[in-house]
Amino acid sequence: MTWQVLVHGPLARLDERVSRALVDTVPRPLSELASDLGNMTVALPVLGCAMAYAVWRGRWRAAVSAGLAMVLVPLLVIPLKEWTARPGPLEPWAHGYYPSGHTATATVAYFGAALLVSNRLVPVAAVLTAVTGTGLVLRGYHWPLDVVASLCLGLWILAVSSSCTNRSSSRTATG
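Details of the packing of aromatic side chains
A full pass over the atoms with the stated rule returns 1 aromatic pair. Aromatic pair Tyr53 and Trp56: ring centres 5.9 Å apart, planes at 45°, arrangement tilted. You can see Tyr53 and its partner Trp56 sitting in helix H4 (residues 40-56), 3 residues apart, about one turn around the helix. Accessibility expressed as a relative area gives 32% for Tyr53, which makes it partly exposed. Overall, the relative accessible area of 66% leaves Trp56 in the exposed class.

Let's talk about the pattern of salt bridges
With the rule as written, the count across this model stands at 6 salt bridges. Note that Asp15 and Arg86 form a salt bridge whose closest N and O atoms lie 2.8 Å from each other. Placement of Asp15 in helix H2 (residues 10-22) and of Arg86 in the loop between helix H5 (60-84) and helix H6 (101-117) is noted, with a sequence separation of 71 residues between them. Given a relative accessible area of 4%, Arg86 falls into the buried group. Linking Arg86 and Glu16 is a salt bridge whose minimum nitrogen-to-oxygen distance equals 3.6 Å. Placement of the pair is Arg86 in the loop between H5 and H6 and Glu16 in helix H2, with a sequence separation of 70 residues. Looking at Glu16, the relative accessible area reads 12%, which means it is buried. Each member of the salt-bridge network shares a partner with another, and the members are Asp15, Glu16, Arg20, Arg86 and Asp146.

Cut-offs used in this document
Residues numbered from 1 in each chain as written. Predicted model: local features only at pLDDT ≥ 70, side-chain atom pairs only at ≥ 80, totals over all residues. Heavy atoms only, no water. Phe/Tyr/Trp six-rings, centres within 6.5 Å; stacked < 30°, edge-to-face > 60°. Helix = DSSP H or I, 4+ residues; strand = E, 2+ residues; numbered from the N terminus. Buried < 20%, exposed > 50% of the residue type's maximum accessible area, 1.4 Å probe, protein only. Salt bridge = Lys/Arg side-chain N within 4 Å of Asp/Glu carboxyl O.

Have a look at this one:
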């Protein structure tokens, strides 16, 4: 995906055509509300509450891992935005739209919170993340590929952080 965005390949051109067809197909206040689910001021408190719950339940390593996963989001997203310098759907003069920081934030916060509280909440996390990404595209804040790339990045961050926690816990149990 990133390569297609960098070279403005066929996938990126299709992405732009799809985006143009989707922007403003729903009322702006609705797409704005949906995209706001990826704001740090909305997503971080959800993760913070889940981390506090996990610590209270004695799962402090998992809580720390989820927090570190969230710290990784801007550390990875910002350099990628600078490197790709992709213009925005509604602001072709502006750069730094790929990948979507809001989608990565939503992915890590909501899935991280669900995994800390109960696996039964994973579908809720999926819906919240999908609504965020959809809102970003429909409002014209991001191209669809920006959102898909961030979803992949966020899930990868969670997988790596989770595997590090699991490896650490198994070493402690066997050591």
